[in-house]
Each structure stands twice: as C-alpha cells, then as structure tokens.
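# Inside the fold
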Amino acid sequence: MIVVMKPGCTAEHVARVEALLSSMGAESCVLDRACGKVVEVLAANGHVDREALAAAEMVDRVLDRAEPFLVADNSSSQSGGSTREVPLGSQASIGGRRLGVIAGPCSVESERHLLEIAAAVKEAGASGLRGGAFKPRTSPYSFQGLGEPGLEMLARAREETGLAIVTEVMRCEHVELVARYADVLQVGSRNMHHTHLLAACGRQSKPVLLKRAWCATLEEFLLAAEYVVAEGNPNVMLCERGIRTHETYVRNTLALAVVPEIKRRSTLPVVVDPSHGTGVSHLVAPMSNAALACGADGLLIEVHQCPQKAWSDGEQSLSLDQFSALMEGLQPFADACQREL
Ligand code: PEP
Ligand code: MN
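Here is a short report on the structure shown in this document. Each chain has its residues counted from 1, running along the sequence as written. To read the labels, note that chains go from A and ligands from 1, taken in the order they are written. For this predicted model, a pLDDT threshold of at least 70 governs which residues receive local features, and a threshold of 80 or more governs which side-chain atom pairs are given and counted, while totals over whole chains, interfaces and linings are taken from all residues. Hydrogens and water molecules were not included; the side-chain quantities draw on all heavy atoms of the structure.

## Let's talk about the overall build of the protein chain
We count a stretch as a helix when DSSP gives it H or I for four or more residues in a row; a strand needs E for two or more, and each element gets its number in order from the N terminus. Counting its regular elements, the protein chain contains 13 helices and 14 strands. In this setup the radius of gyration rests on C-alpha atoms only. A globule is expected at 2.2 Å times the number of residues raised to 0.38. A compact globule built from 341 residues should have a C-alpha radius of gyration of about 20 Å, and the protein chain, at 21 Å, falls within 12% of that. For the C-alpha atoms alone, the extent of the protein chain along its principal axes is close to 70 × 40 × 40 Å. Partitioning the intrachain contacts of the protein chain with sequence separation of at least 6 by distance along the chain shows that 67% fall at a separation of at least 24. Split by element, the accessible area of the protein chain, about 14,700 Å² in all, is 50% carbon and sulfur. In this tally, Lys and Arg are treated as positive and Asp and Glu as negative; His is ignored, and so are the chain termini. Charge positions come from single atoms, namely NZ of Lys, CZ of Arg, CG of Asp or CD of Glu. Both charge centroids of the protein chain, one from 32 positive and one from 41 negative side chains, sit 2 Å from each other. Only heavy atoms enter the contact rule, under which two residues are in contact if any of them lie within 4.5 Å. Note that accessible areas follow from Shrake-Rupley with a 1.4 Å probe, and for residues the cover is restricted to the protein chains shown.

If you want it as structure tokens, here you go:
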C-alpha cells in the first residue's frame, strides 16, 4: 500500500501519517520525489485502516500497490481521457491530431550520410530525425557509435532541415551532454530497467522517448515511465518496439495490443517502432499501417540510403524510396483514423 501526500505537505503532516501507521502496527518508509512525498507501507501486523489514512490531513490518496499513478493521470482521463501532447522539437509534437514520424539511420555514421537521409525523410514528411551516437550493441566488438561528434552531426542536420533530433542516452553522466544536442532523449530497450538513468532523465527538461524492454510486462513499462515523471518531467512518450517470443521469422514480436491498452491506462502518447519490432524491412510498412490503425501517435522508423551497407540494423532499414512509399501508403490509414500526416 502507498499513501500519496498532497503537494505542499509539511514534515509534520508526513510524521502524523507515519505515527498513524505505527499505531496500526505497520512499518513505513517515506520517499521524497520531485512530484511530492509518498509513504510506503512496508509491513503490517494487523489491519491497516484505509479510511483513517485517507482522512488524514494532506493525504491525497491511498493506493493498494506501488502503481504508476502519475503516468495513469486519472484526473485528466476522467476529464475526457485525452492524450498528453509531448513536444517533438519546436515545430511538432507527439500525441496531438498530427501523427509524429521519426525516421533516420540506426547509427549516425558520417555527416554526409546523415544529411542525405535527413533531407530525404523531411521531404517525405517526417517531423523527427532519429540516429544513435551512443549505441547499445549486443557484442562489445560491434560499432558502439561516434559519441559526441555524432551528436554534433545530428545538430547540423537539425539546422539544415528543422527536424527534431531523437537520440539515445545510455549513461547517467551523459544525460546533460545528450540533452544539450537532442530534442528528445531516447532510453533504449536495454536500459528500460535502469532506474537511475530514468530518474536522471526525469530531472532534466527535454522529453523522453522510453522504449519497452523486450522482456518487460506492460506494468513494468509503465512503472519505468513513472520513474521519469516522478522526478518532475511529465513529457514521456512510450515506444513499443517488440518483445522476445519463441518466434524466429521476425527479430521481435510487435505487440500492438499494447497500444490501445496503454491508452486505456495512461495519458502518455505511444510511438511504435516497427523496425526493431519486426527486424525485417518488408514488414515495416504493413506494421506501420497497423500501428496507426490501432491508435499509435507516432512511428519510429530506421532509414538508410543503402541499407545493405548500414553499420547497424541494415536488414530492418528502409531505403529512401521505400520510406517515401511508406509515408504515401499511410495516408488512407491516417484519413480513416482522423489523423493528419
Ligand atoms: C534503436 O532504436 O536504435 C535501438 C537500439 O532500439 P532498442 O533499444 O529498441 O533495441
Ligand atoms: Mn537500430
């Protein structure tokens, strides 16, 4: 059970809740978050009187479990269930009527290569440019990204095209550096459970694109987002990028049912990544259509001018022409869903 205190409560209010719990035979601990104070009931010998706790001064609510209550944002879902509109740079957003398409290479390889892709995806209608400068690779012998020079190239691409930059941060000590260049910080699948990194992203102001760990349940995914929001940053977009199953014809199984389920449980916008979600380029367009049809607010798509020569994830990358065909093919789905592209 957790007792959520109202903003502005004093140490005395919290102490009274602790004393009340103690009188009920329960041990508790106080957690101080940017969003406010929370008292967790650690162990109870007897009956904990919920009503008495809820009635205590400056108690906001009493919840049965340590659940993602900020991400659920019940107050605004009661007032119409609207999706939060998270900025995607200064010109676009994810979660509004207009679909946000973020496209680009898996890894930043060189300035020339990046600028060519950026110009093409912009022309095709993307509003964000993706590209990793810090790459989480399965093998330590694979290309790990260009680091800060890669971030500089991304910033150049933004200058030239106006596209918002989405790029991954892997380490707490890099959050400030990456936030200096990026419009949106990506926390990758491998780091969804890295609670210190999530909290560090919550303490800065750039929006966060949080990818679901391939082994995570929806509950764990939402609680990971809660780590960011609880530190004071409400601008999180949740990215479904496929989960690991017994299946072998795809790299991951794109679990699209999660899209409407996230919409039901939270107000955060949802981005679907059909590139990592399938791992094969010919499945990227149909799964993009399907993502839009089931309510996704945005897409994250890997694009390369020569996928066979990409330094990472070439098998799932679209060529520039394939990407522009995908954007055209999305239009009837966007129309049917009353979304703009
Ligand atoms: C990526 O977007 O390039 C990436 C590494 O994705 P994921 O974290 O989903 O594997
Ligand atoms: Mn990739």
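## Things to note about the site of ligand 1
Near, as used in this document, describes a residue that has one of its heavy atoms within 4 Å of the molecule or strand being considered. Not every one of the 13 residues close to ligand 1 is listed here, only the nearest: Arg-130, Lys-135, Ser-189, Lys-211 and Arg-241. Here an oxygen atom of ligand 1 and a side-chain polar atom of Arg-130 are 2.8 Å apart. Pairs of N or O atoms are called polar contacts if they sit within 3.5 Å, as long as, within protein, a hydrogen donor faces a hydrogen acceptor (for residues adjacent in sequence, only side-chain-to-side-chain pairs). Here Lys-211 contributes a side-chain N or O atom positioned 2.8 Å from an oxygen atom of ligand 1. When isolated, ligand 1 has an accessible area of 300 Å², and the protein chains bury 97% of it. Partitioned by chemical class, the residues of the shell around ligand 1 number two nonpolar, four polar and seven charged. Just so you know the grouping, Ala, Val, Leu, Ile, Met, Phe, Trp, Tyr, Cys and Pro go in nonpolar, Asp, Glu, Lys and Arg go in charged, and all remaining residues, Gly too, go in polar.

## Digging into the nonpolar core
Judged by nonpolar contacts, the single largest core of 70 residues is most densely connected at Val-121, Leu-129, Leu-210, Leu-238 and Phe-323. Here the element with the most residues in this core is helix α9 (residues 218-230); it accounts for seven residues. The definition of a nonpolar core used throughout is a set of buried Ala, Val, Leu, Ile, Met, Phe, Trp, Tyr and Cys residues joined through side-chain atoms within 4.5 Å. Three exposure classes are used, based on accessible area relative to the maximum for each residue type with a 1.4 Å probe and protein chains only: buried under 20%, partly exposed in between, and exposed over 50%. Core analysis: the next-biggest nonpolar cluster, separate from the first, contains 15 residues, Met-5, Val-14, Val-39 and Val-41 among them.

## Looking at the coordination of the manganese ion (ligand 2)
On the protein side, the manganese ion (ligand 2) has Cys-106 (SG), His-276 (NE2), Glu-302 (OE) and Asp-313 (OD) as donor atoms, found 2.1 to 2.4 Å from it. Because water is not among the atoms used, a metal site may look incomplete, as its donors are only the N, O and S atoms within 2.8 Å, or 3.2 Å for Na, K and Ca. Mapped onto the sequence, the residues coordinating the manganese ion (ligand 2) show the spacing C-x169-H-x25-E-x10-D. Pair noted here: His-276 is in helix α11 (residues 274-278) and Glu-302 is in strand β14 (residues 298-302), with a separation of 26 residues, a long-range link. By the burial criterion, His-276 is buried, and Glu-302 matches it.

## Re the pattern of salt bridges
Think of it this way: side chains of opposite charge can pair up when their charged atoms draw near. Take a side-chain nitrogen of Lys or Arg and a carboxyl oxygen of Asp or Glu: if they are within 4 Å of each other, that pair is a salt bridge. Tallied over the full model, the rule gives 22 salt bridges. In this structure, Arg-112 engages Glu-116 in a salt bridge whose closest nitrogen and oxygen atoms are separated by 3.6 Å. Separated by four residues within a single helix, Arg-112 and Glu-116 lie in helix α5 (residues 111-124), roughly one turn from each other. Classification of Arg-112 as exposed rests on a relative accessible area of 59%. According to the relative accessible area criterion, Glu-116 is partly exposed, its value standing at 36%. The salt bridge partner of Glu-173 is Arg-171, with a shortest N-O separation of 2.9 Å.

## Side note on the side chain of Glu-168
Its place among the elements puts Glu-168 in strand β9 (residues 164-168). Despite being buried, Glu-168 has no salt bridge partner; Lys-135 is the closest side chain of opposite charge, sitting 5.1 Å away. Among the polar contacts made by the side chain of Glu-168, one reaches the side chain of Gln-186 at a distance of 3.5 Å. Looking at Glu-168, its side chain comes within polar contact range of the main-chain nitrogen of Gly-188, at 3.4 Å.

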